[in-house]
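Coordinates in review
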Amino acid sequence: VVFAPGSVPGDLPRPLPFSDVQEREISVNLRTSITSRCETVYRSTTTQEEAALNAATAQEADAALHLLQDASLGSLTVYMVPETSSLLPQGISVYVGKHRSALVRAGGGLATLRTRLRQLTQVMSFTASSIAAALSDRVPDSPLGPDTRRHLKSSLGMDMRPSPSHAVNWDIEDAVNHYVQPVLDKLSLVANFSVDSQILYYAVLGVTPRFDKESSSFFLSAHSLPHVINPVEARLGSSAASLYPVLNFLLYVPERSHSPLYIQDKDGAPVSTNAFHSPRWGGIMVYNVEAPASPQASLPLHVDVDMVRVMEVFLAQLRLLFGLSREELPPEFVLESPGNEGLADWELDRLLWAHTVENIATVSTTLTSLAQLLDKIGNIVIKDDVASEVYRAVASAQRAMAKLATGHLHLAFQASKEAVTSSERAFFDPSLLHLLYFPDDQKFAIYIPLFLPMAVPILLSLAKIAREARQRKKEPTKMD
């Protein structure tokens, strides 16, 4: 928290600069909890920061302050400006930039300051709801449902379907370079991405749209949308050619007999974007083509897709699929648009926090399952390379937790990824897989037919030897 001249509350407990540390226990369920530790440093502005805060607009000040801030992931800088400052518009108390800083109008003393900081933490930092979302797959009784949108280490599969009566032209390469690639560059810390595109002809939706006579339009209801995905997905080649999860973004151009086609929400109202998304799968946008002006117009009609409108929808769906939807804000808050990059720096930090916690939980679950498996199979042989992967996974997970505790977010995330990789290598090692489905009853079923033919004559011979021994004991000993 950085105080500009004229913004220091009069009831601060100590003179500047000073710091305090707060810890609290966040309970996920009865058995799982996370300790959250927040260190807050209070100081005055430097000469360079004061010059940046004298900018004409908040956007200019945010850009200038970005060059002076601490660049470490997970850190936030809150600049307190005087109550009479013209930097923030009238009626606006908080401006959240697209980097790792916010501007807050002073006034109201220390209590108001703490309230603002708490609100900013809910918006810009890792919260209890973020923890619940990150652990929703690992914690059965998490407050969030099973459809919680979570990070997918995936490539993007983009697809469109032009009908035979239209010659549809879309500049997908230029659109990806201008709209998608800046977002993927920002997300390069999270995962490696590859982008592929394809065109499907004569693809069917699998659902017959309902015709409305009043509007002379066709409609897809909300309850029929899940049935649209399977017929189209069966013809997509991206998922079959990739070893990683795939996010599909499809642009569907309806045929002339079903045009124009609109999507309805649960209340029966048309969806403004004419698109819908499916958690952890992707999204589909219906792109209607205007009918020709005259019935004698030659076919096929040449259509240029408005890639700006299409990519705005796809990037909004991408944010939802990555869990980057923004919570409802107080009216005095203003959030700066991240622009062409698609997400702000503080949103990337929230994503890294969530995925680091998720990776640690995944490692814990995988190693626990492996330990339970090894306990059940008494005669299993653990190879040295499997044991080393287990040790490496445990060490990486412990290092990730230690880095999280000290606030080194990037190092913690890298360590958590290494831990996940090592734990999965150990669990899916080929030397262990053939023993997973080989219980004791199968051993008897396999080996008894082999040893029984040899065991019968051996047992008969042993019985004969035993009878002869008993007969010798019964016969009297002859004395000379």
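Residues numbered from 1 in each chain as written. Predicted model: local features only at pLDDT ≥ 70, side-chain atom pairs only at ≥ 80, totals over all residues. Heavy atoms only, no water.

For the rest of this paragraph, the subject is the pairing of strand β2 (residues 18–27). Pairing between β2 and strand β3 (residues 33–44): 10 bridges, direction antiparallel. The residue of β3 that forms the bridge with Ser19 is Val41. Here β2 hands over to β3 after 5 residues, the two strands then running antiparallel side by side. (Pairing = 2+ DSSP bridges. Helix = DSSP H or I, 4+ residues; strand = E, 2+ residues; numbered from the N terminus.)

The subject of this paragraph is the UniProt feature "transmembrane region" (unreviewed entry) in the protein chain. Under the local residue numbering, the UniProt record ascribes the feature "transmembrane region" (unreviewed entry) to residues 444–463. Counted over residues 444–463, helix gives 100% and strand 0%. Its end C-alpha atoms are 24 Å apart. (UniProt positions renumbered as here; feature names shortened; annotations may be inferred.)

Between helix α8 (residues 345–376) and helix α9 (residues 384–405), the shortest axis-to-axis distance is 11 Å and the interhelical angle comes to 150°. As far as their axial angle goes, α9 and α8 are roughly antiparallel. As for the relative orientation of α8 and α9, their crossing is left-handed in sense. Touching Trp353, Thr356, Ile360, Val363, Leu367 and Leu370 of α8 are Val390, Ala393, Val394, Ala397, Ala400, Met401 and Leu404, all from α9. (Axes fitted to C-alpha atoms, helices over the stretch in contact; angles between N-to-C directions. Parallel < 35°, antiparallel > 145°, perpendicular 65-115°, else oblique. Left-handed = near helix turned anticlockwise from the far one by under 90°. Contact = heavy atoms within 4.5 Å.)

Attention now goes to the sheet that holds strand β17 (residues 333–335). On the basis of which strands lie adjacent, the open sheet formed by 7 strands has the order β2-β3-β1-β4-β6-β5-β17 and mixed pairing. Strands at the two margins of the open sheet, each flanked by one partner only, are β2 and β17. In the packing of helix α3 (residues 109–124) onto the sheet, the strands contacted are β1 (2–3), β3, β4 (77–81), β5 (94–96), β6 (101–105) and β17, and the crossing angle to β6 comes to about 150°.

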